[in-house]
Amino acid sequence: MQHGKNRFIVGFLAAPLALYALFVIWPFIQSIYYSFTDWTGLSPEFGMVGFDNYSRMLDDEIFWKSLQHSLTLAVVLPLVTVGLALFFAFMLNVGGRRRRGAAIAGVRGSSFYKIVYFFPQVLSIVIVALLFQFAYNPNSGAINSALKVVGLGSIQPDWLGDPDLALICVMAVLVWSTVGFFVVLFSAGMASIPRDFYEAALLDGANRFTTFFKITLPLLWDTVQSGWIYMGILALGAESFAVVQIMTVGPNGGGPDYSTIVMPLYVYQKAFRDGQAAYATTIGVALLLVTLAFAALVMKVGRRERLEF
Amino acid sequence: MGSTSAHTNEGGLGRRDLIKRSAAIGLISVPTMGFLSACASSGGDGNEKVEKGTKSEKNPLGVNEAAPLDFVLFDGGFGQQYAKDAIKIYEKNYPNAKVKFTPTQKITTVLQPRFNGGNPPDLIDNSGAEQMDMGVLVGQKQLTDLTALLDAPSLDDPKKTVRDTLRPGIVEMGQFDGAPVWVLYYAYTVYGVWYSQKLLDSLDAKYPETWDEMLAVCEKAKKKGIAGWTYAGKHPYYLPFSLYPMIGKVGGREVLDAIDNLEPKAWEHPAVKACFEAYYELQRKGYILKGTPGLDHIQSQTAWTEGKALFIPNGSWVENEAAKTMPADFDLAVSAPSGLDASDKMPFGTMWASGGEPFIVPAKAANAEGGMEQLRVMLSEASSKNFTQSVKSLSAFNGGTDGIELTPGLKSGVAALQKAGQNVVNPRLQDWYVALQKEKIGVAGIGEMMAGRATPAETIKKIQKFADEAAKDTSIKHYKHQ
């Protein structure tokens, strides 16, 4: 059986590897190649320019702003989303009062909450962004109207029109729309933790906090780590782009005064508005590096001894 | 959850070894595959040009009467009906030709791959938020010179060329440097300060001609709980529609030309400073509708049609765009911007009017003659009237408003143009340097100032820096007023 095994494996892997190479790796290589050209994206002609695009990028104030905002999103969003999701999942599965003899239970109505939390997931991010765009309308939007109703009519921020608030507004929307997914993910992870661990902890008189930090979190660590990376990549990539592009101020979003510009949006603007596709791919390469570095960092920092049970 | 450390040394392949080896295969296969396949952007032979037809009196451009025509239209504020009507005429004139018509709002998304593939359509209305950068298209030689169309006889009168029938400024706007005309603007937009004559009358006020009068009107409105101004806060590049002509009026045309030419210190001209301070005063005195910096163009227009604000800087498309929320007795009117005082260089009435809806014929179009012929049809008196009547905008065709019922805004626009006479200015930043005009000057500069977060002096310094950067940037093509 042993010989022939290699051939079998190679045969089995060739097709998916070829597809992966063609549709995933090849576009990466192409982008890197284009970042050394002066391709406009509006005609098939271009020439090589060496590292010009890269030195231009390093001098580009707006690039640095977009990098700064993307990094902020990549740090803050996973922290808030994963933290909130862990809290919600714990309350839904473990955090409730004991009743009817069950050792652990979620809070009352937890199955209903699960649906409520998950609901934003079924909406397209574009719809979510549009909805919140109306909610943030300083004149007639839901938020300022609500403030008026409760007697806070004197506080009527411009929300997306205010450079100090705009990025926070965007982050709030992203948290709202993704937290449900992680609640469900962590709930599934918690379901696989044996109940007798909790029973033992309860017998020892552990409260909710101790239970969470000593049992739930360590046993859920792998899931949390994957969730963390996934959220970080969402924050660096497509989700942040859609929300910023649709909601914020400016011809293609990104404002006021570049206060919400993020790397994927800057790539889009350069490629599809300014006719500088080559420069856009250069920023894309920077985005690739940032994403890889983020994933590597989380893997490295999050490394733990695996628990077996 | 179990252990994943499966590295068995019992003669077989461990999971890790397998992964390592398959990764190695992947790494080798990537470059080899890569160099075999062609680059995405260099592939494709592009369009095969259709054979030319025979020129005749009825067919001065020599259109191939049987060749299909591919027409992509921006489906925006003006809709698509006017183009459909013009296509019907084309199909009637050339019964064997089929016109493929694609209305879209996503101009770049739809067309960029076709330009890269070398098979663009024959006629494009390159407009809207996703407009392709005209400067780049010209610089990359992707457009057909439309001079042949301009020198062809017009559809209505064989003794007149198409060029003779156009409004002043249209041909120049389509030139970038030198004689070739790359773009034909089909609509004729009047920019200025838009308001409800009815609301102004109810305040017992006249449209203010000087800035002191402007402040007085705003104060009057404020006492009645109406804001003086609102604007598209999320798109503050609407503000220049009235601000730039005001700068021209105060300091003369040369100031605007210097700005367009990206001359050093162009923004530091005293006229610019005076006008910025005038606008800033609106903000400081609370004459701007609250929350305006967070409103987009539709939201601000709605607040304005609801009578929450008196004035809005806008273009003549607003009559069609805001039609849904505009009360029937709104009595829409437009005026040239107010000046500062009697010492202004140009008289009251100086306003910004220029071509809108840029139509282009790609250089690699299969049926370029067909594209131009379709434009010739659209520039006939009948099609132009149809356009004006259905979308409430003037077209590039000079005249053609006789005998049709003009809507209030249009009527007011025609009157304002008449009053302006030769004093029409045409700043070019927004079609020469899109990013500079909209995002940098508009959002980051004027937008911040009007939100009250920067002083005029700071704003001018910031904008001058943006303009200097654009002047130095070798990746954008630079243009100059001739």
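In this report, the structure presented in the accompanying data block is examined. Note that the coordinates shown come from a computational prediction; the quantities given were computed from them, not determined experimentally.

Concerning the overall build of chain A
Scanning chain A for helices and strands turns up 13 helices and zero strands. When the helices and strands of chain A are placed in sequence order, the string is α-α-α-α-α-α-α-α-α-α-α-α-α. Considering only C-alpha atoms, chain A reaches an extent of 80 × 75 × 30 Å along its principal axes. Evaluated residue by residue, chain A yields a buried proportion of 50% over its 309 residues. Here the contacts in chain A between residues at least 6 apart in sequence split such that 64% fall between residues at least 24 apart. Element-wise, carbon and sulfur atoms account for 68% of the exposed surface of chain A, whose accessible area totals about 15,500 Å². Each charge sign in chain A was given a centre, from 20 positive and 18 negative side chains, and these centres are 16 Å apart.

A few points about unusual backbone geometry
All names here are of chain A. Unusually for a residue other than glycine, Trp159 sits at a positive phi of about 50 degrees. In this structure, Trp159 sits in the loop between α6 (142-149) and α7 (166-191). Despite not being glycine, Tyr258 shows a phi value in the positive range, around 60 degrees. For Tyr258, the location among the structural elements is in the loop between α11 (238-247) and α12 (263-272).

As for the interface of chain B and chain A
Taken together, the contacts link 60 residues of chain B with 58 residues of chain A. At the surface where chain B touches chain A, the tally comes to five salt bridges. The shortest N-O distance in the salt bridge between Arg273(A) and Glu439(B) comes to 2.6 Å. Summed over the shared surface of chain B and chain A, the number is 14 residue pairs in polar contact (both at pLDDT 80 or more).

Let's talk about the packing of helix α8 (residues 195-203) of chain A against helix α9 (residues 208-219) of chain A
Residues and elements named next belong to chain A. Running from N to C, α8 and α9 cross one another at 165 degrees; their axes reach a closest spacing of 11 Å. Judged by the angle between their axes, α8 and α9 are roughly antiparallel. Considering the relative orientation of α8 and α9, their crossing is right-handed. The segment α8 lies against α9, with Phe197, Tyr198 and Ala201 engaging Thr211, Ile215, Thr216 and Leu219. Tallied by class, the residues present in the contact of α8 with α9 amount to five nonpolar, two polar and no charged.

Section: the pattern of salt bridges
This structure, assessed with the given rule, holds 23 salt bridges over all chains. Of the charged contacts in the structure, one is a salt bridge between Asp344(B) and Lys249(B), with a shortest N-O distance of 3.1 Å. Residue Asp344(B) is located in the loop between β7 (332-335) and β8 (351-360), and its partner Lys249(B) is located in helix α9 (residues 240-251); the two are separated by 95 residues in the primary sequence. In terms of burial, Asp344(B) and Lys249(B) fall into one category: buried. Here the residues in one salt-bridge network are Lys270(A), Arg273(A), Asp274(A) and Glu439(B), joined through shared partners.

Digging into the packing of aromatic side chains
When we look at a pair of aromatic rings, we describe it by the centre distance and by the angle of the planes. Applying the stated rule across the entire model yields 55 aromatic pairs over all chains. Measuring from ring centre to ring centre gives 6.1 Å for Phe112(A) and Tyr113(A), while their planes differ by 50 degrees; the resulting arrangement is tilted. Its relative accessible area of 54% is what places Phe112(A) among the exposed residues. The partly exposed category is assigned to Tyr113(A), whose relative accessible area is 36%. The interplanar angle of 15 degrees and the centroid separation of 6.1 Å between the aromatic rings of Tyr244(B) and Trp352(B) together place this pair among those described as stacked. One end of the pair, Tyr244(B), is in helix α9; the other, Trp352(B), is in strand β8, with 108 residues separating them in the sequence. Each member of the pair, Tyr244(B) together with Trp352(B), is buried. Among the aromatic residues, ring-to-ring pairing joins Tyr191(B), Tyr237(B), Tyr238(B), Phe241(B), Tyr244(B), Trp267(B), Phe276(B), Trp317(B) and Trp352(B) into one connected group. The residue whose ring lies beneath Arg56(A) is Tyr279(A), and the NZ or CZ to ring-centre distance is 3.8 Å.

Rules of the game
- Residues numbered from 1 in each chain as written.
- Chains lettered and ligands numbered in written order.
- Predicted model: local features only at pLDDT ≥ 70, side-chain atom pairs only at ≥ 80, totals over all residues.
- Heavy atoms only, no water.
- Helix = DSSP H or I, 4+ residues; strand = E, 2+ residues; numbered from the N terminus.
- Buried < 20%, exposed > 50% of the residue type's maximum accessible area, 1.4 Å probe, protein only.
- Contact = heavy atoms within 4.5 Å.
- Areas by Shrake-Rupley, 256 points an atom, 1.4 Å probe, with all protein chains shown as cover.
- Lys, Arg positive; Asp, Glu negative; His and termini not counted.
- Charge placed at Lys NZ, Arg CZ, Asp CG, Glu CD.
- Salt bridge = Lys/Arg side-chain N within 4 Å of Asp/Glu carboxyl O.
- Polar contact = N/O pair within 3.5 Å; in protein donor to acceptor, adjacent residues only side chain to side chain.
- Axes fitted to C-alpha atoms, helices over the stretch in contact; angles between N-to-C directions.
- Parallel < 35°, antiparallel > 145°, perpendicular 65-115°, else oblique.
- Left-handed = near helix turned anticlockwise from the far one by under 90°.
- Nonpolar A, V, L, I, M, F, W, Y, C, P; charged D, E, K, R; others polar.
- Phe/Tyr/Trp six-rings, centres within 6.5 Å; stacked < 30°, edge-to-face > 60°.
- Lys NZ or Arg CZ within 6 Å of the ring centre and 35° of its normal.

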